[in-house]
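Architecture and fold: a report
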Amino acid sequence: MIRELQALYLHQNGSIKRDSDLLCWIVEKKLGSVNFKAPVRSFRELRRVVRFGTRPNDLVFCWLAAIDDCSVLYDIGAANGHEGLSAHAFHRCHVVYVEMFTPSIETILKGVVIAGRDSEIDKFDVVAAACDKEERYAKALLHQPPIAGGTYNTFDDLDAYCRGGRQGEKVWASQWSPSVSIDALHERHGLPKPTHVKMDIDGFEDRAIAGAANTLKARLVHSWIIEINPGRGEAIAKSMAMHGYENIAHFVHYEGIEDAEDHLFVRNDLIDEYKRRLSEVQNNFW
């Protein structure tokens, strides 16, 4: 705790204060030229917000800062909501959060309230659901206690997740949860069409991409940044290439082992522009 607070105050010129309305702490710090504010309800969340935007090799953050053509961001697997909050702070874009973990939903909603104090609250939609290839109800299994900052959860299929599946993992609790596809979000439920998509769903990403067939075909999305886990890369790359998206950058989470990697897929008419933007962000932030 002390180390995180030292980093926030001494190295990030940040601050933390108690909010009497939201009954949580709020961290505020600079991300480039913008003020970034996020709720904190546990040490896990404090650690994540303090470390957010501090690594030059963080492809997701560089992309978030670079997408000044973003009108609507779909944040799939939103967790604490930091990516959506920062995208809105940078670009005043509309953010659609998709997240199934109930403690994360509460954190996201608190973040929406905080952002709404400085902007328009109608710039956010929060969808409490898993992202899948189809709409259904199934059990969401919690592999950690239901506390703020947790991200280790399974929707329905233990074998569908990364690192060989989650058979044998302890289940602290479960709840029935809906799933939604990317296509259904805007085709069936009337949410705004995405111009950008961030996805981090621990091995379910191939199923989510299968549920975005019409979105891909229409080439609505300018760029997709997807955490891809072992065994999912070939199917996703094939879908992207079929619809004119090129993988222009990637970041390996753990060098020397086969594990998750972040991949940036850009529509082929925007490739040169995106390479320029990423380069500018790297130069401006670090």
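Anyway, here's the lowdown on the structure attached to this text. Quantities reported herein were computed from a predicted structural model and do not represent experimental measurements.

A separate point is the overall build of the chain. When you go through the chain residue by residue, the secondary structure sums to ten helices and 14 strands. Against the compact-globule benchmark of 19 Å for 286 residues, the chain has a radius of gyration of 18 Å, which places it among compact chains. Taking all 286 residues of the chain together, 56% fall into the buried category. Expressed as a percentage of contacts within the chain between residues at least 6 apart in sequence, the contacts between residues at least 24 apart total 67%. A total accessible area of about 13000 Å² is found for the chain, and carbon and sulfur atoms account for 49% of it. If the 34 positive side-chain charges of the chain are averaged to one point and the 41 negative ones to another, these points end up 4 Å apart.

Let us now look at the pattern of salt bridges. For the structure on display, the rule yields 23 salt bridges. Salt-bridge contacts for R136 lead to E134; the nearest nitrogen and oxygen are separated by 3.5 Å. Between D269 and R267 there is a salt bridge, and its shortest N-O distance comes to 2.8 Å. A relative accessible area of 48% means that D269 is categorised as partly exposed. Connected through shared salt-bridge partners, D68, D69, E273, R276, R277 and E280 make up one network.

Time to look at the nonpolar core. Core analysis: the biggest nonpolar cluster contains 47 residues, and W63, Y97, I248 and L264 have the highest contact counts within it. No other element matches the eight residues that helix α3 (residues 59-66) contributes to this core. Ignoring sequence-local partners within four residues, the contact set of W63 consists of L73, H196, V197, K198, S223, I225, L264, Y274 and L278. V127, A129, I201 and F265 belong to the second-largest nonpolar core, a separate cluster that totals 36 residues.

Further remarks concern the pairing of strand β6 (residues 124-128). Across five bridges, strand β5 (residues 94-99) lies against β6 in parallel orientation. Paired with V96 across the strands is D125, a residue of β6. In the classification by handedness, the crossover that spans β5, the intervening helix α5 (residues 102-118) and the parallel β6 is right-handed.

As a further point, take the environment of I76. For I76, the location among the structural elements is in strand β4 (residues 72-76). Overall, I76 belongs to the buried group, its relative accessible area being 0%. Counting along the chain gives 150 residues from I76 to I226, while the straight-line C-alpha distance between them is 9.3 Å. Every residue in contact with I76, bar those within four places of it in the chain, is listed here: V98, C131, I182, V197, K198, M199, D200 and I201.

Cut-offs applied
Residues numbered from 1 in each chain as written. Predicted model: local features only at pLDDT ≥ 70, side-chain atom pairs only at ≥ 80, totals over all residues. Heavy atoms only, no water. Helix = DSSP H or I, 4+ residues; strand = E, 2+ residues; numbered from the N terminus. Rg over C-alpha atoms; globule rule 2.2 N^0.38 Å. Buried < 20%, exposed > 50% of the residue type's maximum accessible area, 1.4 Å probe, protein only. Contact = heavy atoms within 4.5 Å. Areas by Shrake-Rupley, 256 points an atom, 1.4 Å probe, with all protein chains shown as cover. Lys, Arg positive; Asp, Glu negative; His and termini not counted. Charge placed at Lys NZ, Arg CZ, Asp CG, Glu CD. Salt bridge = Lys/Arg side-chain N within 4 Å of Asp/Glu carboxyl O. Core = buried A, V, L, I, M, F, W, Y, C linked by side-chain atoms within 4.5 Å. Pairing = 2+ DSSP bridges. Right-handed = clockwise from strand over helix to strand, strands pointing away.

Keep in mind these values describe shape, not function.
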